[in-house]
Amino acid sequence: MLKVCKFGGTSLKDANSFLIVKNIVKGDMFRKIVVVSAPGKRFKGDYKVTDLLLSYYNDQQNLRVKRQIKQRFIDIVNGLNIDIDLKKEFEKIFDVKGKSKDYVVSRGEYLTAKIMAKILNFKFIDAENILHFKGDKINVKKGINLAKKIDYNCGIVVPGFYGKKGKNIKLFCRGGSDLTGSYLSRFFKAEIYENFTDICGISMINPNLKLPLKFIKNLSFNDFKNLKGLNPSVLQKSAYKPIKRTNCSIFIKNTFNINGNFTRIKRKLKIKKPTIFSISYNNNLLIVTGRKLTKKDGLLKKVKAILKDKNIKFKVVKKRANVLMFLVKNYSELYMVKLMYFKLVLNR
Ligand code: ASP
């Protein structure tokens, strides 16, 4: 059994989080391949390291940003009490002349992986040695062949978010470390791809609404693709694609609540009863996704009844087994989602 574990920026925000990650990885002997993002925000109003690196590249005279980037890593390394020559690394990063934007911006993941490899006593494998772009796509065949030559038995750490195109570093889109994890799962034939974040999976509603959360337990890749209007930062929308034809499952777990709920996403999922996955309301569209939504005893009828009961005017725009869409004008997201969610899911 092999597990690829990817840790997002919120799971790597400071030295303490690195230690939590270390415990998680060491707590399961199958967790042999670790992918990391760059450190994320520590508090409201803080900056992600990737954003700081972007700002630095765009304005290299901005010494404050340079200082902030350095300090983030110095604090982490000091907090972990490890011996890493950050000075040498900083020189390479901040001597920007002749370096591409993608190179500079990718250094957050690069340094994070170096630090993580050190505390785990795993081998650092640079993403540029395994993820090669062919145009805008990753060369999967090449990746599979390169993976065969990498011994991961004692554990490896790979920086997320970038690969190599020709001689240059090339970034994925923002949030792209999720894709790195997925490609590595494919290349190394992992059975499980654990994607660690700061929430217990994919919530059925936008978590920013501050309503009691329920998490989706199981989804197929298709169901995931079909979700609408939810918190996009939990998992990159295309992250399942590299493994969509494999039997690898994605688990979305909370680094800070490892025994809490989680969402599992896999290729095939049998569902017998009408089931709701998500409820959202944006741009006057109320959207419910799920399975068997149009069955006789299904949810279309229920949604209509709830709207009628509240004297809310609506028009059915789409009624498919996996998605119901209603045009309902001029309500707030909170009101509409709460109404549906409480009645359809929480049964209140
Ligand atoms: N650090 C990059 C970002 O902030 C990539 C990632 O987190 O996946 O978008």
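Every chain is numbered independently, its residues counted from 1 as its sequence is written. At least 70 in pLDDT is required for a residue's local features to be given in this predicted model, at least 80 for side-chain atom pairs to be given and counted, and no such filter applies to totals for whole chains, interfaces and linings, which use all residues. Each side-chain value is worked out from all heavy atoms of the structure, with water and hydrogens disregarded.

**Overview of the overall build of the protein**
Counting from the N terminus, the helices are the DSSP runs of H or I reaching at least four residues and the strands are the DSSP runs of E reaching at least two. Within the protein one finds 10 helices and 16 strands. The size measure is the radius of gyration over C-alpha atoms, and the globule rule it meets is 2.2 Å times the number of residues to the 0.38 power. A globule of 348 residues ought to have a C-alpha radius of gyration of about 20 Å, and the protein, at 22 Å, matches this closely. Across its three principal axes, the protein shows a C-alpha extent of roughly 65 × 45 × 40 Å. The classification of residues rests on relative accessible area computed with a 1.4 Å probe and restricted to protein chains. Under 20% of the type maximum is buried, over 50% is exposed, and intermediate values are partly exposed. Each of the 348 residues in the protein was classed as buried or not, and the buried ones make up 54%. Across the protein, contacts joining residues at least 24 apart in sequence account for 70% of those joining residues at least 6 apart. The contact definition used throughout considers only heavy atoms, calling two residues in contact when any of these lie within 4.5 Å.

**Here's the deal with the state of the cysteines**
Defined by distance alone, a disulfide is two cysteine sulfur atoms within 2.5 Å. In this structure the tally under the stated criterion is zero disulfides. Of the cysteine sulfurs around C154, a residue in no disulfide, the closest is that of C5, at 16 Å. C173 carries a free sulfur, and the closest cysteine sulfur to it, the one in C248, is 19 Å from it.

**Focus: the pattern of salt bridges**
Salt bridges are defined by distance alone: a side-chain nitrogen of Lys or Arg within 4 Å of a carboxyl oxygen of Asp or Glu. Taken as a whole and assessed by the stated rule, the structure comprises 12 salt bridges. Measuring nitrogen to oxygen at the nearest pair gives 2.8 Å for the salt bridge that ties K6 to D178. Of this pair, K6 sits in strand β1 (residues 3-7) while D178 sits in helix α7 (residues 177-188); the two residues are 172 residues apart in sequence, bridging distant segments of the chain. Each of K3, D28, R31, E194 and K253 takes part in a single network of salt bridges with overlapping partners.

**Some points on helix α2 (residues 49-58)**
Along α2, the residues classified as buried are V49, T50, L52, L53 and Y56. In a view along the axis of α2, the buried residues occupy a sector of 160°, so they form one face of it. Buried residues along α2 sit in contact with α3 (63-80), α4 (86-94) and α5 (101-120). Taking the helix axis as origin, the arc is that swept by the directions to the C-beta atoms.

**Overview of a positive patch on the surface**
Two distance rules govern patches: like charges are joined within 9 Å, and nonpolar side chains (Val, Leu, Ile, Met, Phe, Trp, Tyr) within 5 Å, applied only to residues with over 30% relative accessible area and no salt bridge. All accessibility values rest on the Shrake-Rupley procedure with a 1.4 Å probe; residue burial counts only the protein chains present in the view. Positive residues here are Lys and Arg, negative ones are Asp and Glu, while His and the chain termini are left out of the count. Working definition for charges: the position is that of NZ of Lys, CZ of Arg, CG of Asp or CD of Glu. Residues K137, K225, K241, K244 and R245 make up a contiguous surface patch of positive charge. Overall, the relative accessible area of 48% leaves K225 in the partly exposed class.

**So, the packing of aromatic side chains**
Between rings of Phe, Tyr and Trp, where Trp is taken as its six-membered ring, a pair exists when centres lie within 6.5 Å; planes separated by under 30 degrees are stacked, by over 60 edge-to-face, and by other angles tilted. According to the stated counting rule, one finds 14 aromatic pairs in the structure shown. Each ring, one from Y152 and one from F188, has its centre 5.5 Å from the other, and the planes form 90°; the classification is edge-to-face. Placement of Y152 in the loop between α6 (140-148) and β6 (156-159) and of F188 in helix α7 is noted, with a sequence separation of 36 residues between them. With a relative accessible area of 23%, Y152 lands in the partly exposed category. Relative to F326, the ring of F314 has its centre 6.1 Å away and its plane inclined at 75°; by these criteria the two rings are edge-to-face. Here F314 is found in the loop between α9 (299-309) and β15 (315-319), whereas its partner F326 is found in strand β16 (residues 323-327), with 12 residues between them in sequence. Assessed through its relative accessible area of 24%, F314 is described here as partly exposed.

**Focus on a nonpolar patch on the surface**
A cluster of nonpolar side chains, contributed by M1, M29 and F30, occupies part of the molecular surface with about 330 Å² of accessible area. Accessibility expressed as a relative area gives 62% for M29, which makes it exposed.

**Digging into the side chain of S37**
Within the secondary structure, S37 is located in the loop between β2 (31-36) and α2. You can call S37 buried: its relative accessible area is 9%. In the analysis that follows, any N or O atom pair within 3.5 Å is treated as a polar contact, provided that within protein one partner can donate a hydrogen and the other can accept it, and provided that, for residues neighboring in sequence, both atoms belong to side chains. At 3.2 Å, the side chain of S37 and the side chain of S177 are in polar contact. Aside from chain neighbours lying at most four places away, what touches S37 is K6, F7, G8, G9, L12, E109, T112 and S177.

**A short note on the packing of α6 against α7**
Their axes nearest at 8 Å, the elements α6 and α7 cross at an angle of 65°. Considering how the two elements wind past one another, α6 and α7 form a crossing that is right-handed. Residues V140, G143, I144 and A147 of α6 touch α7, and the partners they reach there are Y183, R186, F187 and F188. Residue composition of the contact of α6 with α7, grouped by class: six nonpolar, one polar and one charged. To obtain an axis, a line is fitted to C-alpha atoms, over the contacting stretch when the element is a helix, and the angle between two such axes runs from 0 to 180 degrees between their N-to-C directions. Rotating anticlockwise by less than a right angle from the far helix to the near helix defines a left-handed crossing, while the corresponding clockwise rotation defines a right-handed one. Classification used: nonpolar for Ala, Val, Leu, Ile, Met, Phe, Trp, Tyr, Cys and Pro, charged for Asp, Glu, Lys and Arg, polar for all others including Gly.

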